[in-house]
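Summary of structural features
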Amino acid sequence: MPYITTSDGTEIYYTEHGVGRPIVLSHGWPLSSDAWQVEMKLFADAGYRTIAHDRRGHGRSSKTYTGNDMDTYAKDLAELIDTLDLKDLIVVGHSTGGGEVVRYAAQHGKGRVDKVITAGAVPPIMVKSDGNPEGTPIEVFDGIREGVLRDRSQFYKDLSESFHGANREGADVSQGAKDDFWRQGMLVNLAAAYDCVKAFSETDQTSDLEAIDVPFLIAQGDDDQIVPIGAAAEKAIKLVKKGTLKVYPGAPHGIYGSYQETLDRDILAFIED
């Protein structure tokens, strides 16, 4: 399996399909590059070199105790992209991965990144404060930490319901999709999963969004129960210089079903524009 070793000795797993202009995909918490399996094939079939990695602590990468923060995630991504010498690059991030690619593009990606795409992404900042009254109260994130620490297996099973919108009337979400969320979540070591909650909820990425000067597609479902759209896409679009906002009516946080099909078409159209 292909790995790079970062400057702090962490092994980062990555996978790639296809040839052509590169697309790098960053996954959400608590998932892995497996979350992008459909996009890996579709984008490779469309003529792109499609690459996805497992964030440190997640999937097949090193089970880290340290460095589980947004700065290090972006630095790891930079080292992967530099090692592969990727240019004219499109970066795509979902949820926590959206924060990762935004920080990478703002702080490391000048001269390499051509377009940025996020879906259900955490920037500018999730946690509620006086300056971010639309955000999610810190007690919610404390509850996530408690759930992961106490019984992460059951917690991931429960979380898969709201992640996919399976708790909504009329939802058509397969048991297999929910099981795969649990499977990927169980590959994260506990320290990395626990610390990542702070990384995705409390990292202020306002200045990162403002610094990005390439075309930027911001996508989100308006029934996202994990990253509420009012504190995410609707704020982020006001901060970027060359942004396009796509809102998907009724779509959940997880990229699944008809939402996935439409989003993937929109990503390819944005890239090819």
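From a predicted model like this one, the values you see are computed outputs, not experimental measurements.

We now examine the environment of Ala177. Following the sequence through the fold, Ala177 ends up in helix H5 (residues 175-185). Accessibility expressed as a relative area gives 14% for Ala177, which makes it buried. The sequence separation of Ala177 and Tyr256 amounts to 79 residues, and the corresponding C-alpha distance is 8.4 Å. If we ignore the near neighbours within four places in the chain, the residues touching Ala177 are His164 and Tyr256.

Glancing now at the sheet that holds strand E3 (residues 21-26). Reading across the sheet, the 8 strands line up as E1-E2-E4-E3-E5-E6-E7-E8 and stay open at both edges, with mixed pairing between neighbours. Each edge of the open sheet is held by one strand with a lone partner, namely strand E1 (3-5) and strand E8 (243-248). Averaged over all pairs of adjacent strands, the angle between strand axes in this sheet comes to 20°, irrespective of strand direction. The pairing of strand E6 (residues 113-119) with strand E7 (residues 216-221) spans 4 bridges and is parallel.

As enumerated under the stated definition, the model contains 23 salt bridges in all. Arg150 is paired through a salt bridge with Glu146; the nearest N and O atoms lie 2.6 Å apart. Separated by 4 residues within a single helix, Arg150 and Glu146 lie in helix H4 (residues 138-164), roughly one turn from each other. Salt-bridge contacts for Glu202 lead to Lys198; the nearest nitrogen and oxygen are separated by 3.0 Å. Taken together, the residues Glu202 and Lys198, both in helix H6 (residues 190-202) and 4 residues apart, mark about one turn of the helix. For Glu202, a relative accessible area of 29% corresponds to the partly exposed category. Judged by relative accessible area, Lys198 falls into the partly exposed class, the value being 48%. Linked by salt bridges that have partners in common, Asp34, Asp54, Arg60, Asp180 and Arg183 make up one network.

For the rest of this paragraph, the subject is the layout of surface pockets. Any empty space left between atoms is shown by rolling a water-sized probe over those atoms. The calculated volume of the largest pocket comes to roughly 340 Å³. Residue lining of the largest pocket: 20 residues in total, with Asp34, Ala35, Asp180, Gln184 and Ile255 positioned closest to the centre. If you list the elements that add at least two residues to the lining of the largest pocket, you get helix H1 (37-45), H4 and H5. In terms of residue count, H5 provides more of the lining of the largest pocket than any other element does, 5 residues in total. Tallied by class, the residues present in the lining of the largest pocket amount to 9 nonpolar, 8 polar and 3 charged. The space that makes up the second largest pocket amounts to roughly 290 Å³. For the second largest pocket, the lining is made up of 18 residues, of which His164, Gly250, Ala251, Pro252 and Ser258 are closest to its centre.

Turning our eyes to something else, we now look at empty space enclosed by the protein. For the structure on display, the rule yields 1 cavity of 30 Å³ or more. Forming the boundary of the largest cavity are 13 residues, of which Thr118, Ala121, Pro123, Ile218 and Ala236 lie nearest the centre. Contributions of two or more residues to the lining of the largest cavity are made by E7 and helix H8 (233-236). The dominant element in the lining of the largest cavity, judged by the number of residues it contributes, is E7, at 4 residues. In the lining of the largest cavity, the residues fall into 10 nonpolar, 3 polar and no charged.

Moving on to the packing of helix H2 (residues 70-84) against helix H3 (residues 96-107). Taken N-terminus to C-terminus, the directions of H2 and H3 make an angle of 65°; their axes are 8 Å apart at the nearest point. Taken together, the axes of H2 and H3 are roughly perpendicular relative to one another. In the packing of H2 onto H3, the handedness of the crossing is right-handed. Contact residues: Met70, Asp71, Tyr73, Ala74, Leu77, Ala78 and Ile81 in H2; Thr96, Gly99, Glu100, Val101, Arg103, Tyr104 and Gln107 in H3. Its residues assigned to classes, the contact of H2 with H3 shows 8 nonpolar, 3 polar and 3 charged.

What counts, and at which threshold
- Residues numbered from 1 in each chain as written.
- Predicted model: local features only at pLDDT ≥ 70, side-chain atom pairs only at ≥ 80, totals over all residues.
- Heavy atoms only, no water.
- Helix = DSSP H or I, 4+ residues; strand = E, 2+ residues; numbered from the N terminus.
- Buried < 20%, exposed > 50% of the residue type's maximum accessible area, 1.4 Å probe, protein only.
- Contact = heavy atoms within 4.5 Å.
- Pairing = 2+ DSSP bridges.
- Axes fitted to C-alpha atoms, helices over the stretch in contact; angles between N-to-C directions.
- Salt bridge = Lys/Arg side-chain N within 4 Å of Asp/Glu carboxyl O.
- 1 Å grid on protein atoms, 1.4 Å probe; cavity = no way out; pocket = protein on both sides within 12 Å on 5 of 7 lines; lining within 4 Å.
- Points joined across faces, edges and corners; volume = space filled by probe spheres on them.
- Nonpolar A, V, L, I, M, F, W, Y, C, P; charged D, E, K, R; others polar.
- Parallel < 35°, antiparallel > 145°, perpendicular 65-115°, else oblique.
- Left-handed = near helix turned anticlockwise from the far one by under 90°.

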